[in-house]
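# Inside the fold
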Amino acid sequence: MEYNTIRVFDQVRLSTTRNITYLSAPIGTKIEPHGIWSVSGAFEDGTLLCVKNNAVVRVPASDVFRVFSYDISKITEKLGRLTDG
């Protein structure tokens, strides 16, 4: 696993909100940029789709700090070995 690569399901903190190019949340929702965000997608241009509660933002990968990384392959390789007997 390459530790300098941010992947889907990783948990991150935003270092700045200046470069956010997309925001989606229900009307009247107060968005708190501080705290832990989950990465839900990555784009070829180096931006990430991050979610927290009911807010979604698109932010450059250079504007986040990874807090925790999940290695989903450990889970999916075990699921691939399940059989009926």
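So, here's what we can say about the structure. (Residues numbered from 1 in each chain as written. Predicted model: local features only at pLDDT ≥ 70, side-chain atom pairs only at ≥ 80, totals over all residues. Heavy atoms only, no water.)

The next subject is the side chain of D63. Among the secondary structure elements, D63 is positioned in the loop between β5 (55-60) and β6 (64-68). Of the buried charged residues, D63 lacks a salt bridge, with R18 as the closest side chain of opposite charge at 8.2 Å. (Helix = DSSP H or I, 4+ residues; strand = E, 2+ residues; numbered from the N terminus. Buried < 20%, exposed > 50% of the residue type's maximum accessible area, 1.4 Å probe, protein only. Lys, Arg positive; Asp, Glu negative; His and termini not counted. Salt bridge = Lys/Arg side-chain N within 4 Å of Asp/Glu carboxyl O.)

Here we come to the nonpolar core. Membership of the largest hydrophobic core is limited to 11 residues, which are I6, V12, L14, W37, V39, L48, C50, A55, V57, V59 and V64. Among the secondary structure elements, those contributing two or more residues to this core are β1 (11-14), β3 (37-42), β4 (47-52) and β5. With 3 residues, the top contributor of residues to this core is β5. Once you skip the residues sitting within four places of it in the chain, V39 turns out to touch I6, R7, V8, F9, D10, V12, L48, L49 and C50. (Core = buried A, V, L, I, M, F, W, Y, C linked by side-chain atoms within 4.5 Å. Contact = heavy atoms within 4.5 Å.)

Function cannot be inferred from these measures alone, as they are strictly geometric.
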